[in-house]
Amino acid sequence: MRVERDGDVAIVRMEAGRANAMNLDFLERLGALVDEAASAKAVVLVGQDKFFAAGLDLPSILDLDRAPLRGFMGRFDEALLKVFELPVPVVAAINGHAVAGGYVLALQADLRIAVDRDGVRIGLNEAQLGLGLPPIVTEPLRAQVPASSLPRVALAGELFNPREALSLGLVHDLACEGELLAKAVSRAKALAALPGAGIAHVKAGLRRPVAALVRANADAEAERWLDTWFAAPTQAILRAAVAKLKSKG
């Protein structure tokens, strides 16, 4: 994982294993890179190969007890809020799958541009796993995705191809595979050219109330979310998913 510069734009390249699965190392590195990128006038997030980010690294956290898992999810909140509260424009170049926690990361950006490629899946499938959605998901989701899309996106936990994601408001634009990063950087540069003080003020006005709700509800909702994680039906689904992952090597 590294930061590159293209003029006034910092490009955060997420490169942490084939699928960019989100474990503690990923979250700590992401936080450090966001700090490094914060001096730029705009930021672009991009993954690698076929993945923007595949979500939580289930094999690394499945056997954690309640207290360590709560600690891990606290670090998840911190890393993503750091992206959400950046005072400069953030563009997510969704180059591949952005599922569950991976889409939650994309949701922290101001603008989401997805690759228009067959086979890519975007969305929040937690409900299909038996999991709830903590405030770091529900509050940015409510603020940035049309209410009419929430039954399919949040309640049903459907995953969508890029064109469906565009129609539902999960992403703002599409780009051909070879043009995605260039388009994302171009949009970031256009925003970076605007007076920074105004951008920072607008972002704070839009995002401060959302971040405050995430923090205010974090403790109580963490316990409710952990209840869904440790429920027997959910554990069976998660363990079957991990077994399938390990069988693929």
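Refer to the structure above for everything that follows.
Each chain carries its own residue numbering, running from 1 in the written order of its sequence. Note on the predicted model: pLDDT of at least 70 is required for a residue's local features to be given, and 80 or more for side-chain atom pairs to be given and counted; whole-chain, interface and lining totals, by contrast, use all residues. Hydrogens and water molecules were not included; the side-chain quantities draw on all heavy atoms of the structure.

What follows covers the overall build of the protein. The secondary structure listing takes helices from DSSP runs of H or I that are at least 4 residues long and strands from runs of E that are at least 2 residues long, numbered from the N terminus. If you tally the helices and strands in the protein, you get eleven helices and ten strands. Its C-alpha atoms give the protein a radius of gyration of 17 Å, within 12% of the compact-globule value 18 Å for 249 residues. Each principal axis of the C-alpha atoms in the protein carries an extent, and together these give about 50 × 40 × 35 Å. Under the scheme applied here, a residue whose accessible area is under 20% of the maximum for its type counts as buried, over 50% as exposed, and between as partly exposed, the area being computed with a 1.4 Å probe on protein chains only. Counting over 249 residues, the protein shows a buried share of 49%. When the accessible surface of the protein is summed, it comes to about 11100 Å², and 55% of that surface belongs to carbon and sulfur atoms. Measuring between centres, the 29 positive side-chain charges of the protein sit 2 Å from its 29 negative side-chain charges. Throughout, the radius of gyration refers to the C-alpha atoms, and the reference size of a globule is 2.2 Å times the residue count to the power 0.38. In these tables, accessible area is a Shrake-Rupley quantity obtained with a 1.4 Å probe, and a residue counts as shielded only by the protein chains included in the view. For the purpose of charge, His is not counted, nor are the chain termini; Lys and Arg are scored as positive and Asp and Glu as negative. Charge placement uses NZ in Lys and CZ in Arg. For Asp and Glu, CG and CD serve respectively.

On to the sheet that holds strand E8 (residues 122–123). Overall, mixed pairing links the four strands, which are arranged E4-E6-E8-E9 in an open sheet. Of all strands in the sheet, those with a lone pairing partner are strand E4 (51–53) and strand E9 (159–160), marking the two edges. The criterion for strand pairing is that DSSP finds at least two bridges linking the strands in question. Pairing between E4 and strand E6 (residues 97–99): two bridges, direction parallel. Considered in E6, the bridge of Phe 51 is made with His 97.

Side-chain atoms within 4.5 Å link the members of a nonpolar core, which is a set of buried Ala, Val, Leu, Ile, Met, Phe, Trp, Tyr and Cys residues. Formed by 83 residues in total, the largest nonpolar core has its most connected members in Phe 52 and Leu 105. Examining the composition of this core, we find that nine residues originate from one element, helix H3 (residues 66–84), more than from any other. Dropping the residues within four chain positions of it, Leu 105 is found in contact with Met 14, Met 22, Phe 26, Leu 30, Leu 45, Phe 52, Leu 80 and Val 83. Residues are treated as being in contact if the distance between any of their heavy atoms lies within 4.5 Å.

Our next topic: the sheet that holds strand E2 (residues 9–13). One open sheet holds the six strands; their spatial order is E1-E2-E3-E5-E7-E10, and the pairing between them is mixed. The open sheet has two edge strands with one neighbour each: strand E1 (2–6) and strand E10 (173–175). Shown here is a sheet whose adjacent strand axes are inclined to one another by a mean of 25°, direction ignored. A fitted line through C-alpha atoms represents every axis, and for helices the fit uses only the stretch in contact; the resulting angles, taken between N-to-C directions, go from 0 to 180 degrees.

Working definition: a ring pair exists when centres of Phe, Tyr or Trp rings (six-membered ring for Trp) sit within 6.5 Å. Plane angles under 30 degrees give stacked, over 60 give edge-to-face, the rest tilted. Under the counting rule described, the total for this entry stands at one aromatic pair. Here Trp 225 and Trp 229 contribute two aromatic rings whose centre-to-centre distance is 5.4 Å and whose plane-to-plane angle is 35°, an arrangement assigned as tilted. With a gap of four residues between them, Trp 225 and Trp 229 both fall in helix H10 (residues 196–230), about one helical turn apart. Residue classification places Trp 229 among the buried positions, given a relative accessible area of 0%.

Here the focus is the environment of Glu 139. Mapped onto the fold, Glu 139 is located in helix H6 (residues 135–144). Looking at Glu 139, the relative accessible area reads 10%, which means it is buried. Glu 139 sits 114 residues away from Asp 25 along the chain, and the two C-alpha atoms are 25 Å apart. Other than its neighbours up to four places away in sequence, Glu 139 contacts Val 210, Leu 213, Val 214 and Asn 217.

Let's shift gears to unusual backbone geometry. Positive phi is not limited to glycine here, since Asn 20 has a value of about 50°. Look at Asn 20 and you get buried, because its relative accessible area is 0%. With a phi close to 50°, Asp 49 is a non-glycine residue in the positive phi region.

Our focus in this paragraph is the pairing of E1. Pairing between E1 and E2: five bridges, direction antiparallel. Looking at the pairing, Arg 5 lines up with Ala 10 of E2. Between E1 and the antiparallel strand that follows it, E2, lie two residues; Gly 7 among them carries a positive phi value of about 65°.

A word on the side chain of Arg 112. Inspection of the secondary structure puts Arg 112 in strand E7 (residues 111–115). For this document, the term salt bridge refers to a Lys or Arg side-chain nitrogen within 4 Å of an Asp or Glu carboxyl oxygen. An unpaired buried charge is present at Arg 112: no salt bridge exists, and Asp 110, the closest side chain of opposite charge, is 7.5 Å distant. Within 3.5 Å is the distance limit for a polar contact, defined as a pair of N or O atoms, with the added protein rule that one can donate a hydrogen and the other accept it, and that residues adjacent in sequence qualify only through two side-chain atoms. Engagement of the side chain of Arg 112 in a polar contact is seen with the backbone oxygen of Ala 106, the distance being 3.4 Å. Setting aside its immediate chain neighbours within four residues, Arg 112 contacts Ala 92, Ile 94, Tyr 103, Ala 106, Leu 107, Gln 144, Leu 170, Val 171, His 172 and Asp 173.

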